[in-house]
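Listed below are the residues making up each chain.
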Amino acid sequence: GTAAIAKPLIFRFHPPDSITFSVEIKSERTRWFDSTKNPTDSSVSVVRRTLSRAPGGFAMVSQPVSIVITSDGKPSESPVNRILMDTRAESRLDSLGQIIFVSGYERIPLQIDSLFTGATALRLKEVLKPENLAAREQLEWNGKTQGLHGQSIELGKITYEKAEYPLPGGSHIPFLIGIRV
């Protein structure tokens, strides 16, 4: 027999209507201060997403299924987990699959006020600003789909895209997004 030769595919964002899938998001952050390495924080989140057709594009609902955070390999309980696990984000996508609007995170300050008081509540509101969470959701999703549209891809091969995450002070953190189709 002759072995099948894999033909490259041209990627188009054209999911079936009302498809549900899970996405695993991994991140790792190491902080340095005066050449001293601080603990490495890692997180692994699994998010269930449902994509449906909508006028002019798509609607996507995202709901966390699990969030595991570690600090130098040791499990870390964070009040952030509790809040994010209860947060359902809804995104509007254009016809190419790019997020143009995210909602749902605006409920987080009310969740924080119902669970925490004083300095803890203030700190959590600073860490979980709805506009920053929406911007991150948009950046991460668009970074995964933007570089693929119209590109020749091979099934099973990992494609990497470079992106930058903006910080409040105006600087940016570069990161890589790996996508396997």
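Presented here is a report on the structure given in the accompanying data block. (Residues numbered from 1 in each chain as written. Predicted model: local features only at pLDDT ≥ 70, side-chain atom pairs only at ≥ 80, totals over all residues. Heavy atoms only, no water.)

### Quick word on helix α4 (residues 130-146)
Relative to the 24 Å expected for 17 residues at 1.5 Å per residue, α4 spans 23 Å between its end C-alpha atoms, a close match to the ideal helical length. Considered for burial, the residues of α4 that qualify are Pro 130, Leu 133, Ala 134, Glu 137, Glu 140, Trp 141, Asn 142, Gly 143 and Thr 145. (Helix = DSSP H or I, 4+ residues; strand = E, 2+ residues; numbered from the N terminus. Expected span 1.5 Å × (residues − 1). Buried < 20%, exposed > 50% of the residue type's maximum accessible area, 1.4 Å probe, protein only.)

### Focus: the pattern of salt bridges
In the structure shown here, the tally under the stated rule is 6 salt bridges. Where Glu 137 meets Arg 49, a salt bridge forms, and the shortest distance between an N and an O atom there is 3.0 Å. Within this pair, whereas Glu 137 is found in helix α4, its partner Arg 49 is found in strand β3 (residues 36-54), the two being separated by 88 residues in sequence. Both residues of the pair, Glu 137 and Arg 49, belong to the buried class. Here Glu 126 and Lys 129 are joined by a salt bridge, their closest N and O atoms 3.3 Å apart. Under the relative-accessibility criterion, Glu 126 is labelled partly exposed at 44%. Accessibility expressed as a relative area gives 27% for Lys 129, which makes it partly exposed. (Salt bridge = Lys/Arg side-chain N within 4 Å of Asp/Glu carboxyl O.)

### A look at the nonpolar core
Grouped together as the largest cluster of nonpolar side chains are 23 residues, with contacts concentrated most on Phe 13, Ile 83, Leu 93, Tyr 105, Ile 108, Ile 112 and Leu 128. For this core, the elements supplying multiple residues, two or more each, are β4 (57-71), α1 (79-85), β6 (89-94), β7 (99-103), α2 (108-115), α3 (118-127) and α4. Counting residues per element, this core draws most heavily on α4, which supplies 3 residues. What Tyr 105 contacts, discounting residues up to four positions off in sequence, is Thr 87, Ala 89, Pro 130, Leu 133, Ala 134 and Glu 137. (Core = buried A, V, L, I, M, F, W, Y, C linked by side-chain atoms within 4.5 Å. Contact = heavy atoms within 4.5 Å.)

### Remarks on the packing of α2 against α3
Following both chains from N to C, one finds α2 and α3 inclined at 160 degrees, their axes separated by 9 Å at the closest point. It follows from the interaxial angle that α2 and α3 lie roughly antiparallel. Considering only the axes of α2 and α3, their crossing is right-handed. For the pair α2 and α3, contact is made by Pro 109, Ile 112 and Asp 113 and by Ala 121, Leu 124 and Lys 125, respectively. Across the contact of α2 with α3, the residue classes tally to 4 nonpolar, no polar and 2 charged. (Axes fitted to C-alpha atoms, helices over the stretch in contact; angles between N-to-C directions. Parallel < 35°, antiparallel > 145°, perpendicular 65-115°, else oblique. Left-handed = near helix turned anticlockwise from the far one by under 90°. Nonpolar A, V, L, I, M, F, W, Y, C, P; charged D, E, K, R; others polar.)

Worth remembering: the numbers are spatial, not functional.
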